[in-house]
Amino acid sequence: MRDLMALTAQPHVISLAGGLPDVSAFPAELLAKVTAEMAAEAHVRTLQYGPTEGIDDVRAAIVEVMAAENIRHLEVDDILVTTGGQQAIDLVCRTLVDPGDVVIAEAPTYPGAVPCFGSFEADVVQISMDADGMRIDELEATLERLKGEGKRPKFIYTVPTFHNPGGVTMSLPRRKRLVEVAREHELLVVEDNPYGLLRYEGDPLPTLYELDGGEFVIYLGTFSKILAAGLRVGWAVAPGPVFQKLNIGKQAADLCSSSLSQMFVSYYFRTGLWRQQLEVYKELYRRRRDVMLDALAEFFGPEAEWTHPQGGLFLWATLPDYIDTSDLLVRALDEDVAFVPGRGAYLDGRGGSSMRLNFSGVSEDDIREGVRRISKVVHEQIALYGTLTGVPAPARPTPSVDPETVSTEPMADVVELPRRDPDDGRARGSQ
Amino acid sequence: MSHVAVLKGGRSLERQVSLRSGARVEDALHRLGHDVTGVDVRGDLVRQLRELEPDVAFIALHGRDGEDGTIQELLEVLGIPYTGSGPSACARCWDKVLAKHLMCDGGIPTPDFYAFSETAFRELGAAEALPAIEERLAFPIVVKPARGGSALGIKFASSATQVPGALVAAFSYDRKVLLEKHVAGHDLAVSIVDGEALPVVEAVPNDEDFYDFEARYEIGRTTFLCPADLSDADTARAQQLALEAWSLFGCRGFARVDLMRHSETGELSVLEVNAVPGLTDTSLLPQAADEAGIGFDELVARLVQLALPSVTA
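From a predicted model like this one, the values you see are computed outputs, not experimental measurements.

A. Examining the overall build of chain A more closely. In terms of regular secondary structure, chain A is built from 13 helices and 14 strands. Within chain A, the proportion of its 431 residues that are buried is 53%. Here the contacts in chain A between residues at least 6 apart in sequence split such that 77% fall between residues at least 24 apart.

What follows is the structure, given as structure tokens:
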């Protein structure tokens, strides 16, 4: 798999596999101006170690971003600055997980969290999603089952808004119920929210943190998608005792995040341009998402289904069960196009017929051409399967995987979604 | 001391493994006092080699281009000596269908098989022959792309309903695939250096049913027994079969022959011959050499020596 992913990074390959924000949309002149001001006015602070919990100016900027997410009561001292959102996930695991502890995640889950869970030897239990996000009924049943086994999860990890890789958003009733369930069971919920401000349609939903008031919810945020990923500045907001432990963990991990990056963020926020820049990104990504959805509607057949993200950077497409997207990627690379095979988002071998497609890091022309090329190899495989079985283009064929590996939950290996409406150009997901 | 160009990486699916093999070889060559240039194989390979003018090329490229004879052919044209087998032996080893036909014709036991191109299914109705094939091979059946290394694209079908999916997967890697009778038993490898068989290695997957691509290269997922737990007679027979295959294919320098030993009948059969075996720290050939008292540096030194004209002439 890693070999395949290395091949996707070659320059002639149209890669819909990446997760990169398009930072070329951040003006070079602005970068130069902010950097110059920072260097002139604060060169010593910029070059020196900072406090573990972060430089106050950047924490103030984070309070401003959180207010934009409608989380309004926070103070600077509530914020722990981290080296990207990824470190926040690592710190949460480092602080809370002992080998063998149960961690609950969505199915599929953020592929970047999988190595974190793995390196702390968590026993990850995945809860399936549909168009409204994590299925809370399944979560409750799972919690009961675990209780019967004498197991108490350490936390529930979720990306409720514009899920990576699922492309779906948790509905308001489910958010409310999740917060209630967390309270009933006194369980921590880790709300990873890198994309919340990148909404292209629909009304914003309250964050889990807002609904819960910060009692059981640990909130993780990042500047990677709203400013620049290369800065590696993220943050965590956590209930008091957890916050202290995260802080100690961070001290052990890297003492403090880069002062240079933090000072850049704080000087950038002084310009007052961050909301304007956010709009630039949103407009860019919204157009690219539309191009991808249009291309999928045009090129992918009725055998495929895909999510309709209202924001974020990704969508999740699922093919007939007999197509293994890890193998398909090999064929796709012959056509110089790449995607992320779905299996990486599961810890139990599921997701074999799904793929994650990114629309933020590639031009509109490349998105369209990339989707066309993928659909070409998909159609080849569907036709071949039809030839082999004597059933041309079956709508939902019999799985050809080992019966022992088949989930007992029939729809748990896909993000279940309404099929494409032929009258509408696009797939309709969680509207 | 010689100027050695280590060819590695490339565009194949086994790029990462190749980079690991190459890096390890480069370290050994440095220790041996050679002048070493690592070459990540790209579009400018010929120009690079013309500029470098190495005394010898060490081929640490796995998969397409490195193992199918392409690079070897280019090096022949450029007049640069290289490690391992020549273009024709590489071509015979690389194409499993050709290799198995050669073995059948040459009297070397290999599991029963049938091979088809994608066009046979698309244009000649080969799908209708599947039930007959399934009956003759009996389940489980192994479905493999004809060309490709490291177990990539290899699937097991334990019933007729699983065959089409396995074929679709295998056709992702190659336009030609083979359906092979599964031999339940021990997974053996005989490495050969300069026509001499090394101790047999047995690969025992730790928990997976099948020795897959990831397991093959990750420490801890496969246990290697070297020497394999075999009787002297079985060891001798495995080595003899491996040497027969080596000779039949016309190999040179080094190679690794993969065999199966049926767990009930004890029958040995040859699966395939690898013309450019892995040289990573988990690879089988270096382990076998080590067991034979040939350390990695010595192994690399011998392979370079074998490639140089004075030895091969």
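B. Structural context of the sheet that holds strand β2 (residues 79–82) of chain A. All names here are of chain A. Reading across the sheet, the eight strands line up as β2-β9-β8-β7-β6-β3-β4-β5 and stay open at both edges, with mixed pairing between neighbours. Pairing within the sheet leaves two strands with one partner each, and these edge strands are β2 and β5 (133–134). In this sheet, strand β6 (residues 155–158) lies alongside strand β3 (residues 102–107) in parallel orientation, the contact comprising two bridges. Pairing of V103 across the sheet is with F155, part of β6. Sheet strands in contact with helix α9 (residues 240–254) are β2, β8 (217–222) and β9 (234–237), and its direction is about 25 degrees off that of β2.

C. Spotlight on the domain arrangement of chain A. Residue and element names in this part refer to chain A. The domain architecture assigned to chain A consists of domain 1 (2–23 + 277–405) and domain 2 (43–270). Taking the mean C-alpha position of each, domain 1 and domain 2 sit 27 Å from one another. If you look at the interface, domain 1 gives 28 residues, while domain 2 gives 27 residues. Broken down by secondary-structure element, the contributors of at least two residues to the side of domain 1 that touches domain 2 are α11 (274–299) and β11 (314–318).

D. Up close: the interface of chain A and chain B. Contact residues are listed per partner, giving 22 residues for chain A and 23 residues for chain B. Broken down by secondary-structure element, the contributors of at least two residues to the side of chain A that touches chain B are α1 (2–8), α12 (325–334) and α13 (364–389) of chain A. In terms of residue count, the dominant contributor to the side of chain A that touches chain B is α13 of chain A (six residues). Grouping the constituent residues of the side of chain A that touches chain B by class yields 10 nonpolar, six polar and six charged.

E. Inspection of helix α7 (residues 172–185) of chain A at higher detail. An ideal rise of 1.5 Å per residue puts 20 Å on 14 residues; α7 of chain A measures up with 20 Å between its terminal C-alpha atoms. Against β5, α6 (136–148), β6, β7 (188–192) and α8 (208–212) of chain A lie the buried residues of α7 of chain A.

F. The arrangement of the packing of α12 of chain A against α13 of chain A in detail. All names here are of chain A. It is the contact of α12 with α13, at a shortest axis distance of 9 Å, that shows an interaxial angle of 125 degrees. Taken together, the axis directions place α12 and α13 in an arrangement best described as oblique. Remark: the crossing between α12 and α13 carries right-handed chirality. Of the residues in α13, those in contact with L328, R331 and A332 of α12 are R373, I374, V377 and Q381. Of the residues belonging to the contact of α12 with α13, the class tally is four nonpolar, one polar and two charged.

G. Quick peek at the pairing of β6 of chain A. Residue and element names in this part refer to chain A. Covered by surrounding structure in β6 are F155 and Y157 together with I156 and T158, the residues of both alternating faces. Pairing geometry for β6 and β7, over four bridges, is parallel. Along β7, the bridge assignment pairs F155 with L188. Of the crossover connections in this fold, the one passing from β6 over α7 to the parallel β7 is right-handed.

H. How the structure looks around unusual backbone geometry. In this structure, P108 of chain A follows A107 of chain A across a cis peptide bond, with omega equal to 0 degrees. Within the secondary structure, P108 of chain A sits in the loop between β3 and α5 (113–119). With an omega of 0 degrees, the peptide bond between C226 of chain B and P227 of chain B qualifies as cis. Turning to its location among the elements, P227 of chain B is positioned in the loop between β11 (222–225) and α10 (232–249). Unusually for a residue other than glycine, E186 of chain A sits at a positive phi of about 50 degrees. Mapped onto the elements of the fold, E186 of chain A is located in the loop between α7 and β7. Given 9 C-beta atoms within 10 Å, E186 of chain A falls into the exposed group. At D336 of chain A, a position not held by glycine, the phi torsion is positive, near 60 degrees. Of note, D336 of chain A is situated in the loop between α12 and β12 (337–338).

I. Examining the sheet that holds strand β1 (residues 3–8) of chain B more closely. Residue and element names in this part refer to chain B. Across the sheet, three strands lie side by side as β2-β1-β3; this open sheet has parallel pairing. If you trace the sheet from one side to the other, it starts and ends with β2 (35–40) and β3 (56–59), each paired once. For this sheet, the mean inter-axis angle between neighbouring strands, taken without regard to orientation, is 25 degrees. Of the strand pairs in this sheet, β1 and β3 are connected by four bridges, and their pairing is parallel. Within β3, the position partnered with V4 by the bridge is V56.

J. The nonpolar core, seen in detail. All names here are of chain A. Judged by nonpolar contacts, the single largest core of 147 residues is most densely connected at V92, V189, I218, A236, V265 and F339. Sort the elements by how many residues they give to this core and α13 lands first, with nine residues. Those residues in contact with F339 that sit more than four places away from it in its chain are L16, A17, L329, A332, M355, R356, L357 and I374.

K. Here's a closer look at the pairing of strand β8 (residues 185–193) of chain B. Residues and elements named next belong to chain B. Direction of pairing for β8 relative to strand β12 (residues 254–262): antiparallel, over a ladder of nine bridges. Looking across to β12, one finds that V193 is bridged to F254. Alignment of β8 against strand β10 (residues 201–205), held across three bridges, turns out to be antiparallel. Counterpart to L188 in the pairing with β10 is E202. Where β8 lies against strand β9 (residues 196–197), two bridges are found, and the strand directions are antiparallel. From the neighbouring strand, V193 faces β9, where its bridge partner is E196. Counting the residues in the hairpin turn of β8 and β9 gives two residues, including D194, whose phi is positive at 50 degrees.

L. The domain arrangement of chain B, seen in detail. All names here are of chain B. The assigned domain composition of chain B is domain 1 (3–84), domain 2 (112–181) and domain 3 (184–295). Put simply, the middle of domain 1 and the middle of domain 2, counted by C-alpha atoms, are 33 Å apart. Classifying every residue of the side of domain 1 that touches domain 2 gives two nonpolar, two polar and three charged.

M. Structural view of the packing of α6 of chain A against α7 of chain A. All names here are of chain A. Between α6 and α7, the shortest axis-to-axis distance is 10 Å and the interhelical angle comes to 15 degrees. Between α6 and α7, the interaxial angle falls into the category roughly parallel. Of the two possible hands of crossing, α6 and α7 adopt the one that is right-handed. Residues I136, L139, E140 and L143 of α6 form the contact with α7, whose own contacting residues are R174, R177, L178, V181 and H185.

Basis of the calculations
Residues numbered from 1 in each chain as written. Chains lettered and ligands numbered in written order. Predicted model: local features only at pLDDT ≥ 70, side-chain atom pairs only at ≥ 80, totals over all residues. Helix = DSSP H or I, 4+ residues; strand = E, 2+ residues; numbered from the N terminus. Buried ≥ 20, exposed ≤ 12 C-beta atoms within 10 Å, placed from the backbone. Contact = placed C-beta atoms within 7 Å. Pairing = 2+ DSSP bridges. Axes fitted to C-alpha atoms, helices over the stretch in contact; angles between N-to-C directions. Domains from an automatic or database assignment. Nonpolar A, V, L, I, M, F, W, Y, C, P; charged D, E, K, R; others polar. Expected span 1.5 Å × (residues − 1). Parallel < 35°, antiparallel > 145°, perpendicular 65-115°, else oblique. Left-handed = near helix turned anticlockwise from the far one by under 90°. Right-handed = clockwise from strand over helix to strand, strands pointing away. Core = buried A, V, L, I, M, F, W, Y, C linked by C-beta atoms within 7 Å.

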